[in-house]
Amino acid sequence: MKLSEHELHAYVDGQLDAEGRRAVEAALAQAPEEAARVAAYRDQNAALHSVYDAVLEETVPARLRHPTARQSAVRVAVLAAWLLTGAALGWFAHALLLESPHAVGSFSRQAAIAHAVYSPEVRHPVEVGAAEQEHLVNWLSKRLGTKLKAPVLTAEGYELVGGRLLPGEQGAVAQFMYQDSKGKRLTLYVSRLAGKQRDTAFRFSQEEKVSVFYWIDGALGYALSGELPKHELLGVATTVYKQLNP
Amino acid sequence: MTPEQIATHIPRLRRYARALVGDPHAADDLVQDTLERAINKRHLWRPGSDLRAWLFAIMHNVFVNQLRSRQAHPEEGLDDETLPAVAPTDGARLEIRDLQSALAVLPAEQREIVLLVGLEQLTYAEVSEALGIPIGTVMSRLFRGRERLRGLIAGAPVAPNLKVVK
């Protein structure tokens, strides 16, 4: 008997009845090439389980255990608007779902890497120091092709150290560095994003010891990185956001 | 349908999402959006029907919407940061890297089906219903996906009995 492709896969996936299984086994005994494929497909299924079954044992994050409780203020606001304006419901859902966590996720990683590289630097943490703040902001604005602002984080206990220009996936990237009285540093990574972007809520990611809050606002992506607890960094990120959106 | 009923399916939704998108944060975002949508649309669920298949159907819709929004960024590169949070032996690490990179190379429409069938063990009919496509299309994407995967991981060891330690 000639094996059909369908039978072969159904056999691998245990979706044949006993009679079908016997027929396929008999045919496979005469067809070494198909038998090798069956073995390979079974290995694929087994490998998927061996790699991903561990997820089943993980503790489910709280945000998923109570899925109606939105995480960030922006999400809460969206949900509230959603509840108030039934007619707009579908539209908002659409807007939320159009976020692109993958693309944005790689952005946060680049920010965390830039933070890890430059924040320990003792002698040359920045290219242009805060003493020349006006020049710094004008220079970075010119290179990114958009008007930038260096947020003032004095109230949060951080002073501007200065900034530098970095290469990013989509051209020039600006990095502003801040430091508190104990020398703990934060960096704000600002990149122009190609294509059309939707504004996103704050997203959080942890890259080794570096915590990152990142968001998209207009044509710019922002990432605030620092080795400090999530809630502290969120406080600073909120201040940055408010200053950029007065 | 109660939130408790939905909750029993969360671990498997997370497993599927992790394999589908790679990055753990992005995967949980996908699960969260799926759960929220399911709760908002719970009146559309037919009591007595398979809740799990319904949840996979919702996740598919959410995922496809995300892909559309990502068309400006077609790259789906995977690197160390997106590997699952497991601490395996060197051999297992290789295995994860190979499998994850290979999966990431598959077109999303094939990856979904390879995972729903091979990992989540949905029947072909369930996949057809969850994705809203004819069973013939399910099968042809499954054939192509598995062949592609076989080509990608040929030469690399795929040990079926490998233990991944958490």
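By convention here, each chain's residues receive numbers from 1 onward along its written sequence. By the order in which they are written, chains take letters starting at A while ligands take numbers starting at 1. Thresholds applied to this predicted model are a pLDDT of at least 70 for local features of residues and 80 or more for the giving and counting of side-chain atom pairs; totals over whole chains, interfaces and linings are not thresholded and use all residues. Heavy atoms from the whole structure form the basis of all side-chain values; hydrogens and water molecules are not counted.

A. Structural detail: the overall build of chain B. The helix count covers DSSP runs of H or I at least four residues long, the strand count covers runs of E at least two residues long, and both are numbered beginning at the N terminus. Helix and strand counts for chain B come out as eight helices and zero strands. Counting from the amino terminus, helix and strand elements in chain B follow one another as α-α-α-α-α-α-α-α. Here's how the labels work: a residue is buried when its accessible area is under 20% of the maximum for its type, exposed when over 50%, partly exposed in between, all with a 1.4 Å probe on protein chains only. Taking all 166 residues of chain B together, 55% fall into the buried category. The contact criterion used is simple: two residues touch if any of their non-hydrogen atoms lie within 4.5 Å. In chain B, once contacts between residues fewer than 6 apart in sequence are set aside, the share between residues at least 24 apart is 67%. For chain B, the accessible surface area stands at approximately 7,100 Å², while carbon and sulfur atoms represent 54% of it. Note on areas: Shrake-Rupley, 1.4 Å probe, and residue coverage restricted to the protein chains presented here.

B. Region of the structure containing the pattern of salt bridges. By convention in these notes, a salt bridge is any Lys or Arg side-chain nitrogen within 4 Å of a carboxyl oxygen on Asp or Glu. In this structure the tally under the stated criterion is 15 salt bridges over all chains. Across the salt bridge formed by Asp 29 of chain B and Arg 203 of chain A, the nearest N and O atoms sit 2.2 Å from each other. You can see Asp 29 of chain B sitting in helix 3 (residues 24-40) and its partner Arg 203 of chain A sitting in strand 5 (residues 203-207), one on each of two chains. Each member of the pair, Asp 29 of chain B together with Arg 203 of chain A, is buried. A salt bridge links Arg 15 of chain B to Glu 120 of chain B; the shortest N-O distance between them is 3.0 Å. With a gap of 105 residues between them, Arg 15 of chain B in helix 2 (residues 10-21) and Glu 120 of chain B in the loop between helix 6 (108-118) and helix 7 (124-131) connect regions that are remote in the sequence. As far as the burial class goes, Arg 15 of chain B and Glu 120 of chain B line up, both buried. Connected through shared salt-bridge partners, Asp 53 of chain A together with Arg 12, Arg 15, Arg 52 and Glu 120 of chain B make up one network.

C. The arrangement of the environment of Met 59 of chain B in detail. Within the element layout of this structure, Met 59 of chain B appears in helix 4 (residues 51-69). Beyond its immediate sequence surroundings of up to four residues, Met 59 of chain B is in contact with Leu 13, Tyr 16, Ala 17, Leu 30, Val 31 and Thr 34 of chain B.

D. Broad picture of the packing of helix 3 (residues 32-52) of chain A against helix 8 (residues 135-153) of chain B. Only the contacting stretch of a helix is used when fitting its axis, a line to C-alpha atoms as for every element, and angles between N-to-C directions run 0 to 180 degrees. Between helix 3 of chain A and helix 8 of chain B, the shortest axis-to-axis distance is 10 Å and the interhelical angle comes to 85°. By the criterion of interaxial angle, the relationship of helix 3 of chain A to helix 8 of chain B is roughly perpendicular. In contact with Arg 37, Ala 40, Tyr 41, Gln 44 and Asn 45 of chain A of helix 3 of chain A, helix 8 of chain B contributes Arg 146, Glu 147, Leu 149, Arg 150 and Ile 153 of chain B. For classification, angles of less than 35 degrees are called roughly parallel, those exceeding 145 degrees roughly antiparallel, those between 65 and 115 degrees roughly perpendicular, and all remaining angles oblique.

E. Seen up close, the environment of Asn 245 of chain A. Tracing the sequence through the fold places Asn 245 of chain A in the segment after helix 10 (230-244). Remark: the alpha-carbon pair of Asn 245 of chain A and Asp 217 of chain A, spanning 28 residues in sequence, is separated by 9.1 Å.

F. Geometry of the packing of aromatic side chains. Residue and element names in this part refer to chain A. When two rings of Phe, Tyr or Trp (its six-membered ring) have centres within 6.5 Å they constitute a pair, described as stacked for plane angles under 30 degrees, edge-to-face for angles over 60, and tilted for the intermediate range. If you walk through the whole model with that rule in mind, you get seven aromatic pairs over all chains. Taking the centre distance of 6.0 Å and the plane angle of 50° together, the rings of Phe 202 and Phe 213 count as tilted. Note that Phe 202 is positioned in the loop between strand 4 (185-192) and strand 5 and Phe 213 in strand 6 (residues 210-217), a separation of 11 residues in sequence. Measuring from ring centre to ring centre gives 6.3 Å for Trp 215 and Tyr 241, while their planes differ by 75°; the resulting arrangement is edge-to-face. Of this pair, Trp 215 sits in strand 6 while Tyr 241 sits in helix 10; the two residues are 26 residues apart in sequence, bridging distant segments of the chain. Through pairs of rings, three or more aromatic residues link up here, namely Phe 202, Phe 204, Phe 213, Trp 215, Tyr 222 and Tyr 241.

G. Molecular detail of the sheet that holds strand 3 (residues 171-179) of chain A. Residue and element names in this part refer to chain A. Ordered by their spatial adjacency, seven strands build an open sheet running 1-2-3-4-7-6-5, and the pairing between neighbours is antiparallel. Single-partner strands in this sheet number two, and they are strand 1 (128-129) and strand 5. In terms of strand pairing, strand 4 meets strand 7 (residues 220-226) through seven bridges, oriented antiparallel. Looking at strand 7, one finds that Tyr 189 is bridged to Ala 223. Together, strand 4, strand 5, strand 6 and strand 7 form the strand contacts of helix 10, whose direction differs from that of strand 6 by roughly 25°. A strand pair is defined by DSSP finding two or more bridges across the two strands.

H. Highlighting helix 7 of chain B. For helix 7 of chain B, the full list of buried residues reads Tyr 124, Val 127, Ser 128, Ala 130 and Leu 131 of chain B. Packing partners of the buried residues in helix 7 of chain B comprise helix 1 (5-12) of chain A together with helix 4, helix 6 and helix 8 of chain B. Positive phi shows up at Gly 132 of chain B, right after helix 7 of chain B, with a value of about 65°.

I. Structural detail: helix 2 of chain B. Residues and elements named next belong to chain B. For helix 2, built from 12 residues, the straight-helix expectation of 16 Å at 1.5 Å per residue is met to within 8% by its first-to-last C-alpha distance of 16 Å. Burial of helix 2 is extensive: 10 of the 12 residues sit out of reach of the surface. For helix 2, the complete set of buried residues consists of Ile 10, Leu 13, Arg 14, Arg 15, Tyr 16, Ala 17, Arg 18, Ala 19, Leu 20 and Val 21. Gly 22 occupies a position one or two residues after helix 2 and carries a positive phi of about 85°. Given the number of residues in a helix, its expected span is that number minus one, multiplied by 1.5 Å.

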